[in-house]
Structures are given as C-alpha cells and as structure tokens.
Amino acid sequence: MIEHQSTKTSVAIIGAGIAGLSCATQLNALGFQVQLFEKSRGVSGRMSTRNTDEWSADHGAQYFTARDPVFIQELNKWMDADVAAIWNPRIKVYRANQWHEHSSSEKRYVGIPAMNSPGRYLAKSLPIQFNQTIDLIAYENGKWLLHSQETGDIEQQFDWIVVAMPAPQAQILAEPIDKSIEEIANHVDMQGCWTVMARFTGKPNAPFDAAFVNDEIISWISRNNSKPNRTGPETWTIHANPQWSQESIELEKDEASKLILDCAKKLGFDCDESNIAIHRWRYASGYINPILGFKLREDLNLGFCGDWLNGGRVEGAWLSGFKLANEISIKQPHLINKG
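Quick caveat: nothing in here was measured; it's all calculated off a predicted structure.

*Asks:* Explain the overall build of the chain here, please?
*Replies:* The helix and strand tally for the chain stands at 8 helices and 22 strands. Taken over the C-alpha atoms alone, the chain extends approximately 75 × 40 × 40 Å along its principal axes. Burial status across the chain gives 53% buried among its 339 residues. Considering only contacts in the chain between residues 6 or more positions apart, those separated by 24 or more positions represent 70%. Put simply, the chain shows about 16300 Å² of open surface, and 46% of that area lies on carbon and sulfur atoms. Looking at the chain, you have 33 positive and 40 negative side-chain charges, and the mean spots of the two groups are 5 Å apart.

Laid out in structure tokens, this is it:
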C-alpha cells in the first residue's frame, strides 16, 4: 500500500480588510494553508462600524455597489447569509449653495446589521491573529519570515506572502525587498478622511437619509438608522471631503470636529444637541490609474492586493484579493503529493 502525505502551500496574509479576507477565502478554497495577521482587534478595515455600549454607527465605507458578475455572485451569498441587504435612502445633493433632489437607479448595498458584517462573515472560517502589527518581512531560502511589533518574531515560516494593506503602508513594509512597489504606490493619491459621528436623543429635522455635498468641507451626511436592521439611538455619520481631510490630517481632533460641525450647521444640519465622536482615517481613498487589479512578484512569491490597486471601492477590494488568489494558484501548485 502506497501512503500519500499532503503538504499544503502556506500563505501569510497581512491585513484583514475585505481584500485580505477575499484573498484568504479563495486561497483556502483552493487548498492553501492561510494565516492572516491584523493589527487591529477586528476585521473589515475601512468597511467598519463604531460600537459603544449605547450606540453604533458605520464610520468607514457607507455603502457599496455591485457591477462585476463575479462580485454579484459573492454579494448574493452575503444576502443569503443575511449579512448584506439593499439600502434605499432618500438622497439629496448640495451644490451651488442649494439643495437638490438626487435621482439614481443604481442599487446601493450595506452590511447588516452593520457594515462590518460581510467581513465578519468571511472571517468565520479563517485563522486570524489580531493585534499583530507586522513591521518587518524577510525572504530567506525560499521562505518568508515575519516580525511583529507586539510579539517579535513569528515562529511559522511561509511559502508565500500577500500584503493587503493601504498603499503607503504596503510600500513601507515591502520596499526593502521589492523596489518596484515604490513607483506604484507613489502613483496612488491616497487621501485621509475625518469622520464625525453624532448621536441624537431625537430625530433631526433633515429632509434626507443621505446627502452628497459639493464644494464644502463636508462631502457626505448619512442617517445610520435609515439602513436596514439598525437599532438603537439616532446616529448620523458626517464625512469631510478627501482633499480637505488630507490637508487637515494633523489637526487636533477637537479642532477638526468643530470645523466639520460648523460646516454642517451652515448647511442646515445642526448637531449642537448631539453627542459627538470623531475618527481620523489616515488612508481612506485613492487608487492607481490605470488599474492593475493586483500585483504579483512570482520570483519572490509575493503578492499585493487592495482597493487601491483596483478602483478604490469595496467591490474593487474584494475582486483584487479574489483575482490575486487565483493567480497564485496558477503559479504555485497548491497541493504537493508525495508517495
């Protein structure tokens, strides 16, 4: 009798946002051994929800769209699992100092009961080490070695490594090994975003559930409770526009909050009677053009994925990770049988 031993190809994935989770899910399905490392205490990256004992609010990506057939198939799985649903808000647009009705036939989707729910759904069957900031990687004798800021050297060595981080962070981590990442990352106009979350005791007298704002500090206002399956106190999210956010990224939080709320009041959205929280996203938006989809260094067993490589959207992030996983599978047999 011939005994067969199977050794799976191992892949370290740095970052558990939607791109990293998508890549890990597909690699896992293809027979690879995956291990994710995430610097935060939870998954989903910028597809995030701020939770407290009293209230919650989506403070990252506000909704997403689906156009690619492959992503639509994935979205249908999320909807069947009750972690995503269509959102039909009343939308207005502010431009030229006036409010206008907004008409669009495009379907908008949200995670339920929170924006991070699809990410948590993907993460259920994946091995993830949280609170692990990978600050050093090295490629020696065909294996990848990792170092964590919190715990030191990672004991396990890996056949492949996938960097699923925003462009500036990916560049800092990988540039000592892959010089070509610098040129790509430098062409990504990655901008920050100041985000205010306002909790009200009552419902503000606003004639919309969501609003696009042009030529002001603010670019977006949204009523969290208008999204399906939301419960709890009335909460609203206000995003500052990317250019102002980037120019003001080093402001103190109180100063940034005041400027954003002053702008909201000028537009007729008064938050004086609300409780305020503020969050600074250092890397919120931006992508390379032309779109690469993902980046692969076959000679180093090194891959990069993320929304910044694929159009800057939730859909783009998921597709980037998915396509990279398939390309790795083509380049590297995922199962070695020895008999």
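Still to come is the rest of the account.
*Asks:* Can you walk me through the environment of G17 in this structure?
*Replies:* Along the chain, G17 falls in the loop between β2 (10-14) and α1 (18-29). Taking the relative accessible area as the measure of exposure, G17 reaches 16% and is therefore buried. C-alpha separation for the pair G17 and D270, spaced 253 residues apart in sequence, amounts to 33 Å.

*Asks:* How should I be thinking about the state of the cysteines in this particular structure?
*Replies:* Note on terminology: disulfide describes a covalent bond linking the sulfur atoms of two cysteines. Applying the stated rule across the entire model yields 0 disulfides. This cysteine, C263, is not joined by any disulfide, and C271 carries the nearest cysteine sulfur, 11 Å off. We note that C305 lacks a disulfide partner, and the nearest cysteine sulfur, in C23, lies 4.8 Å from it.

*Asks:* So what exactly am I meant to see when it comes to the sheet that holds strand β12 (residues 143-148) here?
*Replies:* Strand pairing within a sheet occurs via backbone hydrogen bonds; the two strands may be parallel or antiparallel. Taken together, 3 strands build an open sheet; the order of strands is β11-β12-β13 and the sheet is antiparallel. Each having just a single partner strand, β11 (134-140) and β13 (152-153) make up the two edges of the open sheet. Looking at chain direction, β11 and β12 are connected through 6 bridges and run antiparallel. Residue I134 lies in a different strand from β12, and its bridge partner there is S148.

*Asks:* Hey, could you run me through the sheet that holds strand β8 (residues 98-101) in this one?
*Replies:* An order of β8-β7-β16-β17-β18-β15-β19 is seen for the 7 strands of this open sheet, with the pairing classed as mixed. The strands lining the two open edges of the sheet, one partner per strand, are β8 and β19 (275-285). When strand polarity is set aside, the average angle formed by the axes of neighbouring strands in this sheet is 20°. Two elements, strand β15 (residues 191-200) and β19, share 8 bridges in a ladder whose sense is antiparallel.

Thresholds applied
- Residues numbered from 1 in each chain as written.
- Predicted model: local features only at pLDDT ≥ 70, side-chain atom pairs only at ≥ 80, totals over all residues.
- Heavy atoms only, no water.
- Helix = DSSP H or I, 4+ residues; strand = E, 2+ residues; numbered from the N terminus.
- Buried < 20%, exposed > 50% of the residue type's maximum accessible area, 1.4 Å probe, protein only.
- Contact = heavy atoms within 4.5 Å.
- Areas by Shrake-Rupley, 256 points an atom, 1.4 Å probe, with all protein chains shown as cover.
- Lys, Arg positive; Asp, Glu negative; His and termini not counted.
- Charge placed at Lys NZ, Arg CZ, Asp CG, Glu CD.
- Disulfide = S-S within 2.5 Å.
- Pairing = 2+ DSSP bridges.
- Axes fitted to C-alpha atoms, helices over the stretch in contact; angles between N-to-C directions.

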